[in-house]
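If you want the building blocks of each chain, they are given just below.
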Amino acid sequence: MLEQTLLQGAADLGLVVIALLAGLLILWIAVSVPVWIAAKILTLGKARFTRAMLVTAVGPAIYAIVFFISSFALSVALGERFFVAAVSFILAFVAWIGVFKAGFDTGWLRALAIALLATIVFVIIGAIVTVALQALVPDVPPITPFPSF
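*Asks:* Please clarify how the overall build of the chain should be interpreted in this entry.
*Replies:* Regarding its fold elements, the chain presents four helices and zero strands. Put simply, the chain runs from its N terminus to its C terminus through helices and strands in the order α-α-α-α. For the chain, the C-alpha radius of gyration of 19 Å lies well beyond 15 Å, the compact-globule estimate for 149 residues. For the chain, the C-alpha atoms occupy an extent of roughly 60 × 45 × 25 Å along the three principal directions. Counting every position in the chain, which comprises 149 residues, the buried fraction comes to 32%. In the chain, once contacts between residues fewer than 6 apart in sequence are set aside, the share between residues at least 24 apart is 52%. Of the roughly 9300 Å² of accessible surface on the chain, a fraction of 79% belongs to carbon and sulfur atoms. In the chain, 7 positive and 5 negative side-chain charges are present, and the distance between their average locations comes to 31 Å.

Listed below in structure tokens is the structure:
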């Protein structure tokens, strides 16, 4: 009886992990498409889809790294204050725009436009994918910072 319960729990966990990974892959591809289209328009056709996928994957990682390092450094230097989070957010967003700038070989303003479009699309598609995954597999955790619907 215990072995069967453990096997069922492992199977359920495996299904949740597979659903979560599939959701993240779908989200990554889905967000890369509009980023690629925006970059294609804003760079006068120079952007490639593979580059959009790379930038879409690297951008949030750079954002998180810069945010956490700057938050830690500013908190140590200045103490816990509201503006520490605000400054860290701004620094991280500028770093993220820098990834778009470097990735698509464009200027800061065009990179900002691409980043803003990517953010809007992430919110919309992320919410849709989260709802769809939770409808299919109720125990899967949300892949976006939105509450379940």
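*Asks:* Got a minute to help me understand the packing of helix H3 (residues 82–104) against helix H4 (residues 108–136) in this structure?
*Replies:* The relative placement of two packed helices comes down to the angle between their axes together with the axis-to-axis distance. Across the interface, H3 lies against H4 with an axial gap of 8 Å and an inter-helix angle of 110°. It follows from the interaxial angle that H3 and H4 lie roughly perpendicular. Regarding H3 and H4, the two cross each other, and that crossing is right-handed. Contacts from Phe93, Val94, Trp96, Ile97, Gly98, Phe100, Lys101 and Phe104 of H3 reach H4 at Trp108, Ala111, Leu112, Ile114, Ala115, Leu116, Ala118 and Thr119. Residue composition of the contact of H3 with H4, by class: 13 nonpolar, two polar and one charged.

*Asks:* Explain the packing of aromatic side chains here, please?
*Replies:* The full count for this structure, using the stated rule, is eight aromatic pairs. Seen from their ring centres, Trp36 and Phe49 are 5.8 Å apart, and the 85° between their planes marks the pair as edge-to-face. Of this pair, Trp36 sits in helix H1 (residues 2–42) while Phe49 sits in helix H2 (residues 49–78), and the two are 13 residues apart along the sequence. On the accessibility criterion, Trp36 (27% relative accessible area) is partly exposed. Here the aromatic rings of Tyr63 and Phe89 are separated by 6.4 Å at their centres, their planes lie at 75°, and the arrangement is edge-to-face. Taken together, the residues span a long stretch of sequence, with Tyr63 in helix H2 and Phe89 in helix H3 at a distance of 26 residues. A relative accessible area of 23% means that Tyr63 is categorised as partly exposed. On the basis of relative accessibility, which here comes to 43%, the residue Phe89 falls in the partly exposed class.

*Asks:* For this particular structure, what's the right way to read H4?
*Replies:* Since the α-helix turns once every 3.6 residues, residues separated by three or four places project in the same direction. With 29 residues, H4 should cover 42 Å at 1.5 Å per step; its first-to-last C-alpha distance of 41 Å lies within 8% of that length. Within H4, burial applies to Ala111, Ile114, Ala115, Ala118, Val121, Ile125, Gly126, Ala127, Val129, Thr130, Leu133 and Gln134.

*Asks:* Where do I start with the side chain of Thr106 in this structure?
*Replies:* With respect to the helices and strands, Thr106 occurs in the loop between H3 and H4. The class of Thr106 is buried, set by a relative accessible area of 10%.

*Asks:* Which parts of the structure should I look at to understand the side chain of Thr56?
*Replies:* Mapping Thr56 onto the fold places it in helix H2. Here Thr56 falls in the buried class, since its relative accessible area comes to 12%. A polar side-chain atom of Thr56 sits 2.6 Å from the main-chain carbonyl oxygen of Ala52. Not counting residues up to four positions away in its chain, the partners in contact with Thr56 are Trp28, Val31, Ser32 and Val35.

The rules behind each value
Residues numbered from 1 in each chain as written. Predicted model: local features only at pLDDT ≥ 70, side-chain atom pairs only at ≥ 80, totals over all residues. Heavy atoms only, no water. Helix = DSSP H or I, 4+ residues; strand = E, 2+ residues; numbered from the N terminus. Rg over C-alpha atoms; globule rule 2.2 N^0.38 Å. Buried < 20%, exposed > 50% of the residue type's maximum accessible area, 1.4 Å probe, protein only. Contact = heavy atoms within 4.5 Å. Areas by Shrake-Rupley, 256 points an atom, 1.4 Å probe, with all protein chains shown as cover. Lys, Arg positive; Asp, Glu negative; His and termini not counted. Charge placed at Lys NZ, Arg CZ, Asp CG, Glu CD. Axes fitted to C-alpha atoms, helices over the stretch in contact; angles between N-to-C directions. Parallel < 35°, antiparallel > 145°, perpendicular 65-115°, else oblique. Left-handed = near helix turned anticlockwise from the far one by under 90°. Nonpolar A, V, L, I, M, F, W, Y, C, P; charged D, E, K, R; others polar. Phe/Tyr/Trp six-rings, centres within 6.5 Å; stacked < 30°, edge-to-face > 60°. Expected span 1.5 Å × (residues − 1). Polar contact = N/O pair within 3.5 Å; in protein donor to acceptor, adjacent residues only side chain to side chain.

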